[in-house]
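Chain residues, written in single-letter form:
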Amino acid sequence: MIAPSLLRLDLAGWDHRHAAMVAAGESEPWPYGGALSRWLAKGDRRLARLRFDPSWAGLRLWNFLLSEEDRLRAHRAAGRTLVGTMKDLGTVPVIADALGLVPFYPDGAWWIPCVMELDDRLLQHAERLGIGPEFCPVRAMLGAYATGAHFPLPDLNVCSAGAVCDDFPAIAERLRDLGHQVLFWQIPVRRAPDPDEAVVALADGTPCPASLVAACARELRRVGEALAWLAGMPLDPAALRTAIARANAIRATARALRAECARAPRAPLPALELMIADMLTIHFCSDIGECPAVLAGLLAEVRARVAAGAGVLAADAVPVFWLNPPADLAALPLLEELGGRLVGADFMVGHALLAIPEDDEPFTALARCALADPLVGGAQARARAAVAAARAAGARALVIARIPGASHCAWEGEAARAAAAAAGLPAVELEIPPVLEPVEGRLRTRLEALLEMAR
Amino acid sequence: MPALLCASPHVPAEWVIAHGWRVVRAEPLPHATREGVCAHAQGVAGLHATAGDALALTAPCDQMRRAAETLAASVRPTVVLHPPAVEDSPAALALFRDDLRRLGRVLVGHGGHRPAPGELAEALLLGDARRAEVRAHAGGIPARAFTEAVARVQRGDPAGLPPRRPLTGRRIALLGAHLVPGERWLLDLLDGSGLIVALDGTDGGERGLPGPLDRRRVREDAEAAMVEAWATIPDPLRRPNDGFHRWLADAIAARDLAGLVVWRQPWCDAWAAELPRLRAHGLPLVDLVAGLGSDRERLRTRVEAFAETLG
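Description of the structure in this document. (Residues numbered from 1 in each chain as written. Chains lettered and ligands numbered in written order. Predicted model: local features only at pLDDT ≥ 70, side-chain atom pairs only at ≥ 80, totals over all residues. Heavy atoms only, no water.)

The next subject is the packing of aromatic side chains. All names here are of chain A. Under the criterion given, the structure shown has 10 aromatic pairs over all chains. For the pair Trp 30 and Tyr 32, a centre-to-centre distance of 6.3 Å together with 25° between the ring planes defines the contact as stacked. Both residues of the pair, Trp 30 and Tyr 32, count as buried. With 5.4 Å between their ring centres and 70° between their planes, Tyr 145 and Phe 151 make a pair best called edge-to-face. The same class applies to Tyr 145 and to Phe 151, which are both buried. Joined through ring pairs, the aromatic side chains of Trp 30, Tyr 32 and Phe 64 make up one cluster. Here Arg 60 stacks its cationic end above the ring of Trp 30, 3.8 Å away from the centre of that ring. Taking NZ or CZ as reference, Arg 71 lies 5.9 Å from the ring centre of Tyr 32, over its face. (Phe/Tyr/Trp six-rings, centres within 6.5 Å; stacked < 30°, edge-to-face > 60°. Buried < 20%, exposed > 50% of the residue type's maximum accessible area, 1.4 Å probe, protein only. Lys NZ or Arg CZ within 6 Å of the ring centre and 35° of its normal.)

Residues and elements named next belong to chain A. Tracing the sequence through the fold places Gly 344 in strand β8 (residues 340-346). Put simply, Gly 344 and Pro 319 are 25 residues apart on the chain and 8.5 Å apart in space, counted from C-alpha to C-alpha. Those residues in contact with Gly 344, other than ones at most four positions away along the chain, are Val 320, Phe 321 and Trp 322. (Helix = DSSP H or I, 4+ residues; strand = E, 2+ residues; numbered from the N terminus. Contact = heavy atoms within 4.5 Å.)

Turning our eyes to something else, we now look at the sheet that holds strand β10 (residues 427-431) of chain A. Backbone hydrogen bonds hold the strands of a sheet together, and the pairing may be parallel or antiparallel. All names here are of chain A. The sheet built from four strands is open, its strands ordered β8-β7-β9-β10 with parallel pairing. Each edge of the open sheet is held by one strand with a lone partner, namely β8 and β10. Across the sheet, the mean angle from the axis of one strand to that of its neighbour is 30°, orientation sign disregarded. In terms of strand pairing, strand β7 (residues 318-323) meets strand β9 (residues 397-402) through four bridges, oriented parallel. When the sheet's bridge partners are listed, Trp 322 is paired in β9 with Val 399. Strands β7 and β8 of the sheet are contacted by helix α16 (residues 379-392), whose axis makes an angle of about 160° with β7. (Pairing = 2+ DSSP bridges. Axes fitted to C-alpha atoms, helices over the stretch in contact; angles between N-to-C directions.)

What follows covers empty space enclosed by the protein. Residue and element names in this part refer to chain B. Using the criterion set out here, one finds seven cavities of 30 Å³ or more in the structure. The volume enclosed by the largest cavity comes to roughly 330 Å³. Lining the largest cavity are 27 residues, with Pro 60, Cys 61, Met 64, Ala 177 and Asp 203 positioned closest to its centre. Counting only elements with at least two residues in the lining of the largest cavity, the list comes to α2 (39-45), α3 (62-72) and α11 (269-279). Top contributing element to the lining of the largest cavity by residue count: α11, with three residues. (1 Å grid on protein atoms, 1.4 Å probe; cavity = no way out; pocket = protein on both sides within 12 Å on 5 of 7 lines; lining within 4 Å. Points joined across faces, edges and corners; volume = space filled by probe spheres on them.)

The biggest cluster of nonpolar side chains holds 162 residues, and the ones touching the most others in it are Leu227(A) and Trp322(A). Not counting residues up to four positions away in its chain, the partners in contact with Trp322(A) are Ala331(A), Leu332(A), Leu335(A), Leu342(A), Gly344(A), Ala345(A), Asp346(A), Phe347(A), Val399(A), Ala401(A) and Ile432(A). Within the second largest apolar cluster, 40 residues are counted, among which are Leu175(B), Trp247(B), Ala270(B) and Trp271(B). (Core = buried A, V, L, I, M, F, W, Y, C linked by side-chain atoms within 4.5 Å.)

Attention now moves to the pairing of strand β1 (residues 3-6) of chain B. Residue and element names in this part refer to chain B. Alternating residues of β1 divide into Ala 3 and Leu 5 and Leu 4 and Cys 6, and every residue in both groups is buried. As defined by bridge partners, β1 adjoins strand β3 (residues 54-58) across three bridges and the pair is classed as parallel. Bridge pairing in β3 links Leu 4 to Ala 54.

Turning to the packing of helix α10 (residues 210-231) of chain A against helix α4 (residues 90-109) of chain B, a few remarks are in order. Angle between the axes and distance between the axes are the two parameters that describe a pair of packed helices. Between α10(A) and α4(B), the shortest axis-to-axis distance is 8 Å and the interhelical angle comes to 165°. Taken together, the axes of α10(A) and α4(B) are roughly antiparallel relative to one another. As for the relative orientation of α10(A) and α4(B), their crossing is left-handed in sense. Contacts from Ser211(A), Leu212(A), Ala215(A), Arg218(A) and Glu219(A) in α10(A) reach Pro90(B), Ala91(B), Ala94(B), Leu95(B) and Asp98(B) in α4(B). (Parallel < 35°, antiparallel > 145°, perpendicular 65-115°, else oblique. Left-handed = near helix turned anticlockwise from the far one by under 90°.)

From the geometry alone we can't say anything about function, so treat these as descriptive.
Laid out in C-alpha cells, this is it:
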C-alpha cells in the first residue's frame with residue numbers, strides 16, 4: 001500500500017498541490033520555481049502523460065531540468081561563453097567549469113522529440129539535412145542547431161570521437177557544414193592490458209593500459225588549451241583541481257542517492273527522477289552552483305522516506321536493472337505501472353558518477369574517468385558489468401532499452417542478453433522510439449512477461 | 001612462414017613482412033544483414049573460422065569495433081588497430097603507432113623477428129613503387145582488374161597489372177567503405193554500363209592506399225614514415241574530414257570525373273551521413289545501397305540510368 005502523500009501526481013495534481021503549498025506558506029527560493037504545468041503550455045506536451053514524485057524536492061528537480069534552456073539564454077544574455085560538449089558525457093564540462101565557461105550537452109536534444117511529442121519537427125529538420133531515421137534520435141540535435149529554436153547556439157562545440165558511436169561524429173560533422181565550430185578529440189578504445197604493459201587503474205578500478213590513459217590525458221590537455229583560448233585566459237591547474245572537487249561533490253551526492261534507492265526495501269524515488277538525477281552529473285544542468293542543492297534536497301527526501309519505511313511503489317515491485325536511457329521518458333513510468341522497480345541502471349553516464357581521483361595530475365585523473373565510460377570498452381565488457389551491477393543491486397530482471405538507429409545497440413543487445421542468460425537473469429530487449437504509443441501494446445506485453453518471469 | 005590475416009588497408013603489409021610474416025587479405029563473406037548491423041562488419045565478425053596464424057584488423061567505425069570485439073576472444077592472436085579518428089592530433093597518431101608496435105610484438109612473439117636494420121625501409125620503398133604503378137593504371141584498365149591489383153599490393157605482392165588500354169565511357173569515382181568479395185560484380189556492371197572507374201575510392205581501392213612516401217623520411221625513420229603515411233589514408237570517418245574531401249576534390253579535377261557512384265552498406269551511418277557533402281562537389285551522384293540477391297537487377301537499372309544522364 002502506498003501512502004496517499006507518496007502517490008505520484010500528474011500535472012493537474014501537481015498544480016493543485018503547488019497552489020495549496022504556496023497558500024500554506026511554502027516557498028521556492030530559487031528562480032526556476034513554479035507550477036509544472038507552465039512547461040506544458042510552452043510545448044513540453046509529454047509532461048501530460050507522466051507522473052511525478054510528489055515532493056517539493058521532486059518539483060525542484062523537474063523545474064531545474066525544464067528551465068535549463070532559459071538558464072542558457074540568461075547566460076548568453078549576460079555575456080557568458082557557452083560550450084557545447086558532445087558525447088563524452090561528463091568529462092569536458094569539468095575543464096570548461098575551471099575556465100568560467102558554461103558547458104552543456106546538446107546531446108540532450110535527443111529528448112526534445114519525446115518531450116514535445118514530435119511537435120518540434122527536429123527529426124524532420126535533420127532528415128532534410130541528410131540525417132534520417134536510420135540514425136539515432138540524437139539527430140534531433142542537428143535539427144535544434146538548424147532551427148536555433150531551443151538552446152542558444154554554443155560559441156564552440158567539443159566532440160569526442162573514436163570509441164563510441166558513429167552517429168554522433170557524423171552529426172557533428174554536419175554541424176560544421178552548417179558553419180558551427182567543432183573541435184574533435186579522440187578517446188581511445190579501452191582494452192585489457194597485455195601482460196607486458198604498464199597498467200593504470202581507472203576511476204572504477206578497471207585496469208587499463210597506461211598508454212591509453214596517457215593518450216587520453218594528452219587529448220584532454222589539447223581540449224583544455226582550446227577552451228583556454230576561448231576563455232581568453234590560461235587554464236590554472238589550481239582552478240582545475242577546484243573544478244574537479246566541485247564535480248566530485250555533486251557526483252558523491254548522486255552516488256549516495258543511487259545507493260539509498262537501491263538498498264531501500266521499498267522504492268523511495270520513482271525511476272524517472274532517479275534517471276534525471278544521474279543526468280545532472282554530466283554538466284550540472286548548466287548551473288553548477290545550484291545543482292548540488294537540487295540533488296541534496298532529493299537525497300534528504302529519500303533518506304526521510306527510507307527512515308519512515310515509506311515508498312512510492314508497492315512493496316512487492318520487481319527489482320529491475322535498466323540498460324540504456326529510453327528514447328521516451330514514459331518508458332520508465334510504464335515499467336513501474338506494470339509492477340517493476342528500478343534498483344540500478346546504466347544510462348550511459350556511469351562514468352560521470354565516479355569520483356575523479358583528486359590525488360592525481362588533473363588531466364590524468366579526468367582521463368581515468370573518461371576511459372571508464374561503459375561504452376568505451378566494448379559491448380562484452382559493458383554487458384558483464386551491467387549484469388554484475390544488476391546482481392549487486394538485487395535486480396531480478398534486466399531491461400535492455402534499444403535506441404532506434406544507434407550503432408552500438410545493434411551489437412550490444414546480443415551481448416547483454418547472452419550475459420544475462422549466463423547469469424540466469426531474465427532479460428528482454430525492447431526498442432523504444434521517442435514516442436512509444438505506436439508500440440505501447442508490444443512493450444507492455446513484453447515487460448509484463450519479463451516481470452512475471454522475475455517474480 | 002606464418003600468415004597474418006588482415007581485414008583492413010590500414011595494416012601495412014610492409015610492417016608485417018619486415019617481421020617475417022606474410023599477409024593474407026581477409027575476404028569477409030557477405031552476410032544477410034540484421035537490423036542495425038553493417039554487412040561488412042558482420043562478415044568480418046565471421047572471420048574466426050578463416051585460416052591464418054593471427055588476425056589484424058582496424059576498427060575505424062563503431063560497427064567494426066563491435067565486430068572486432070567478437071574476434072578478440074579467438075584462440076589465435078588478434079590485434080585491433082585504431083587509425084586516428086581525429087585530424088591533427090599527435091596523441092591519436094601516437095596511439096596508432098603504439099597499435100602497430102603492439103602488432104609487431106605479437107608477430108615477434110609468434111614466430112616472427114624484429115626487422116633487421118633497413119629491412120622496413122626497403123620494404124616500404126618497394127611497396128611505394130608498386131603502389132605508384134597501380135595508381136598510374138587508374139582508369140586505364142577494367143575496374144575489377146584494378147581492384148585485384150590493389151589487393152595484391154596490399155598483401156605485399158607485385159601488382160601484376162594488365163597493360164593499360166583505351167577505355168571508352170564517362171569517367172567516374174566509386175566511393176564507399178568496402179566492396180565485399182561477393183559484390184565485385186558491381187565493378188563489372190560499372191564497366192559494362194559505359195562508365196570508367198577512374199577513381200576507386202573504396203577501402204579496397206585506390207583510396208585505401210597510402211600516399212607516396214617521402215624517400216628521405218623513410219631512410220631517416222622508416223617506422224615514423226610508415227605511421228604517418230598509413231594514418232593519413234583519406235577517410236571520411238576521420239574528423240573533421242576535410243582531408244578526405246580535399247583528396248576527392250583534387251581527384252575530380254585531375255581526372256576529369258563526370259560523376260560519383262556511392263556504394264554503401266545498409267546501416268553504415270558514416271557514409272550515409274556523407275551524402276550531402278558528396279553532392280556538394282557538384283557532380284551527378286547515384287547512391288547505391290548494397291543488398292543481396294534480387295537487388296542486383298534493380299541496381300543495374302539505376303547504374304544504367306545514371307550512365308545515361310552523364311551523356
